[in-house]
Each structure stands twice: as structure tokens, then as C-alpha cells.
Amino acid sequence: MPEPNLPFRWDVEHDRLGSLVEPADPERSYVEALTECAAKVLARGGGRDLYFVGRSPDSVYDLLRGVLADTGHRDRVHRLPLSLYGYDGQGLSRAEQAQLRANLTAQGVTPGRLAGGGRAVVFCDLVSHGSTFENLHRELRSWIGDDGADWNRIRGRIGYLGIVMRGKTSPNTWRWQQHAPWVGELPPRAVRNVSVPGWLWGYLGNFQPKTEPSFRRIRWADPGVARPRHDERTRAALSGAVALFERARTPEVRSAFRAVLAAEPAFREPWLRTLAHDIRS
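A brief structural summary. Model, not experiment: these values are computed from the prediction.

**Notes on unusual backbone geometry**
For D70, which is not a glycine, the phi torsion comes out positive at approximately 70°. Along the chain, the position of D70 falls in the loop between α2 (58-68) and β2 (77-80). A positive phi angle, near 70°, is found at R189, a position not held by glycine. Inspection of the secondary structure assignment puts R189 in the loop between β4 (158-165) and β5 (191-196).

As C-alpha cells, this is what we get:
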């Protein structure tokens, strides 16, 4: 297996960023909507480790890192830099497949990890039609088969959580998971959603400056992705991420976050009540 190759991203909690960042003040409506989304993602994750796929949900990750800082739950959230959008799952070369598996291994995602002890896993991403999840699932299933890992055990220990654009609720509403045959391989409720306002989904998925380029297959083995970027757009994205992380540590945001958790059905479960209690203002 080749050496892992992952895109560089500053750690907004621990890195000394100095002049790389400038003061930023996220809009109140943005923080409020993102807080509601992040709290629902955490609650509907079912107490599992959350892996945020690609760049689109970076702000959800940053806010959760801030809310969970100074608690024993901070290790529940992880980034999974990876783009599989627009890939039909049939065209990976052996070298690309090996590099993908090396990169996933470096992030703690392997057939052995999925089948073994510790918390189960939920992959989270912004979803329109679900192609990224479908392609990720296909690659994991192929890897699990090649390793001879126990799929019957793993299928109960992985889930997919889509952040979707809020629309009308009716029996005829189009839901991406109802049109994805691969979902049938998983137990009921292994695939769930959190809906957000259309403007927030569009901003996170299409317009928000990001701290690194999309990590598409052509970049999986490119050593250049591991080097920090200092261009104006990257620095603006980093400043926004730092500001959001710091805002998430305030009593106002943490109180709102706990209120959303308390309204979720999962709040009946001890793990979520304990987590909410540990998020101090």
C-alpha cells in the first residue's frame, strides 16, 4: 500500500495562526442556522463517530469542534477529505484504489476498524442525489470484500447522514435515499437526513470559500496537496473557520445548541443527555 497523502488544513483549535487570519464576524442568522444543523447532526448520529466527507460540511465540523471543546466528546468528530462526486465507481485504476485505501487508513477508516471495537461510524455530507455516498459505499464494500472482513457485522456499524435542502414535507416528497438501491444493504434508519434552509445548503455546497481545493481522484496522490496555501481566498476561508470555532465556544451558541439537542427524539437516550450536560456555557 502506498504512503497516505492528505490535503493540508490548519487546525483552528491548536495551530498558531498569527497574521494568517483576520478578525471575522459570522452573521447571526448563519450561526443560528448552522448551530441547529450541527446539533441535529450530532443527535441523529446516534452516539457514533462522525466523519464529515469532503469540504462542504467543514463549517459543521468547525462548529462542533468549538461546542465540544473542553468536553470528553471532542474526539467524536473527524474530517474525511475526499471527493467522489461525479465518479461512477467503475473507473478507478489499481493505483488510484490503493491510494484511496491508504488515505482512508490514515484517517482511521478501514474494514478492520469498521468491524472492530469502539464506536460505530456515521459518514456525513451535503446531499443532493447521493452520488458521493453511493460511491463511498461501493469502495468500502469492495475493500471489505477484498479483506475478507465480516460485512454482516460491519453493516450494523456504519451509517450515512445527509444534510439536505429543506423542502415541503409530504408523502410525495422526493427523498434521495428512497432512490438509492445500495441503501437496501443497510439496516433500517442507517441512512438519515438533517434538513437545512436552501440558502445555507447553497452557501456551504457551492459558494463558501474553502481552505483547500476539492480532493478529487486526480489529486489523491499529488504531494502538492500537503503544502499549505496562502492565497487570499484560502486565508479568508481560514479566518471564517477560526471565527466560527470561537463563536461556538460562547455561552450563547452552546445554550442554543443544547436547546436543539433537548428537542430531538434521541434526547431520551442517556448518551445524548450526558453529552448535553457536559457542554457547559
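**Describing the side chain of D62**
Relative to the elements of secondary structure, D62 occurs in helix α2. Setting aside residues no more than four positions away along its own chain, D62 makes contact with R9, V12, A241, L244 and F245.

**Remarks on the pairing of β2**
Examined bridge by bridge, strand β1 (residues 49-53) and β2 share 4 bridges and lie parallel to one another. Looking at β2, one finds that V53 is bridged to L80. Handedness of the crossover joining β1 and β2 through α2: right-handed.

**Regarding helix α1 (residues 28-44)**
In this model α1 runs 24 Å from its N-terminal to its C-terminal C-alpha over 17 residues, within 8% of the 24 Å that 1.5 Å per residue would give. With 12 of its 17 residues buried, α1 lies for the most part within the structure.

**Considerations on the environment of P188**
Structurally, P188 can be placed in the loop between β4 and β5. Taking the C-alpha atoms as reference, P188 lies 9.7 Å from G156; in sequence the two are 32 residues apart.

**A short note on the sheet that holds β4**
The sheet built from 5 strands is open, its strands ordered β2-β1-β3-β4-β5 with parallel pairing. One side of each edge strand has no neighbouring strand; the edge strands of this open sheet are β2 and β5. Taking each pair of neighbouring strands and ignoring which way they run, the sheet shows an average axis angle of 25°. In this structure, β1 lies alongside strand β3 (residues 121-126), joined through 4 bridges in parallel fashion. Note on β3: the bridge partner recorded for Y51 is F123.

**Side note on helix α5 (residues 131-147)**
Taking 1.5 Å per residue, 17 residues should reach 24 Å; α5 reaches 24 Å between its end C-alpha atoms and fits that length. Turning to α5, its buried residues number three or more, namely T132, F133, N135, L136, H137, E139, L140, W143 and I144. As for α5, its buried residues are in contact with β1, α3 (94-106), α4 (111-115), β3, α6 (151-154) and β4. Note on α5: the residue one or two positions beyond its end, G148, has a positive phi of about 70°.

**Thoughts on the nonpolar core**
Grouped together as the largest cluster of nonpolar side chains are 41 residues, with contacts concentrated most on V41, F52, L64, I163, F257 and L261. Looking at which element gives the most residues to this core, the answer is α1, with 10 residues. Contact partners of V41, with chain neighbours within four places excluded, come to L50, F52, C124, L161, I163 and V194.

**Digging into the state of the cysteines**
Under the definition given, this model contains 0 disulfides. Cysteine C37 remains unbridged, with the sulfur of C124 as its closest cysteine sulfur at 6.9 Å.

**Details of the pattern of salt bridges**
Side chains that carry opposite charge are capable of pairing whenever their charged atoms lie near each other. Applying the stated criterion across every chain yields a total of 22 salt bridges. Note that D62 and R9 form a salt bridge whose closest N and O atoms lie 2.8 Å from each other. Placement of the pair is D62 in helix α2 and R9 in the segment before α1, with a sequence separation of 53 residues. No difference in accessibility class separates D62 from R9, as the two residues are buried. Across the pair R113 and D49 runs a salt bridge, and its minimum N-O distance is 3.1 Å. Here R113 is found in helix α4, whereas its partner D49 is found in strand β1, with 64 residues between them in sequence. The structure contains a network of salt bridges with shared partners spanning R9, D58, D62, R79 and E212.

**Some details on the layout of surface pockets**
Space inside the largest pocket adds up to approximately 650 Å³. Looking at the lining of the largest pocket, the elements with two or more residues in it are β3, α5 and α7 (198-207). A total of 5 residues in the lining of the largest pocket trace back to one element, the largest contributor, which is α7. Looking at the lining of the largest pocket residue by residue, the class counts come to 14 nonpolar, 12 polar and 6 charged.

**With respect to the environment of A248**
If you trace the backbone, A248 turns up in helix α8 (residues 232-248). In sequence terms A248 and R79 are 169 residues apart; their C-alpha atoms lie 18 Å from each other. Contacts of A248, omitting those with residues within four sequence positions, involve L63, G66, V67, V253 and R254.

Each value, and the rule that gives it
Within every chain, residues take consecutive numbers counted from 1 along the sequence as written. Totals for whole chains, interfaces and linings use all residues, but because this is a predicted model, local features are given only for residues with pLDDT of at least 70 and pairs of side-chain atoms are given and counted only at 80 or more. Computation of side-chain values: all heavy atoms of the structure, hydrogens and water removed. For the purposes of this entry, the term helix denotes a DSSP run of H or I that reaches at least four residues, the term strand denotes a run of E that reaches at least two, and both are numbered from the N terminus. Contact definition: two residues touch when any of their heavy atoms are within 4.5 Å. Two strands pair if DSSP finds at least two bridges between them. When the strands point away from the viewer, a crossover counts as right-handed if the path from the first strand over the helix to the second runs clockwise. In this scheme, a helix's expected span is set at 1.5 Å multiplied by one less than its residue total. Exposure classes here rest on a 1.4 Å probe applied to the protein chains alone. A residue is buried below 20% of its type maximum, exposed above 50%, and partly exposed in between. In this analysis, axes come from line fits to C-alpha atoms, helices being fitted only over the stretch in contact, and the angle between any two N-to-C directions falls in the range 0 to 180 degrees. What we call a nonpolar core is a set of buried Ala, Val, Leu, Ile, Met, Phe, Trp, Tyr and Cys residues that are connected through their side-chain atoms within 4.5 Å. Sulfur atoms of two cysteines make up a disulfide when they are within 2.5 Å. Basic side-chain nitrogens of Lys or Arg form a salt bridge, by our definition, when they fall within 4 Å of a carboxyl oxygen of Asp or Glu. A cavity, in this analysis, means grid points on a 1 Å lattice covering only the protein atoms where a 1.4 Å probe fits yet has no way out; a pocket is instead an open set bounded by protein on both sides within 12 Å along at least five of seven lines, and a residue lines either one if it has an atom within 4 Å of a point. Grid points are joined across faces, edges and corners, and a volume is the space filled by probe spheres set on the points. Each residue receives one of three labels: charged for Asp, Glu, Lys and Arg, nonpolar for Ala, Val, Leu, Ile, Met, Phe, Trp, Tyr, Cys and Pro, and polar for the others, Gly being one of them.

Interpretation note: all reported values are geometric properties and have no functional meaning in isolation.
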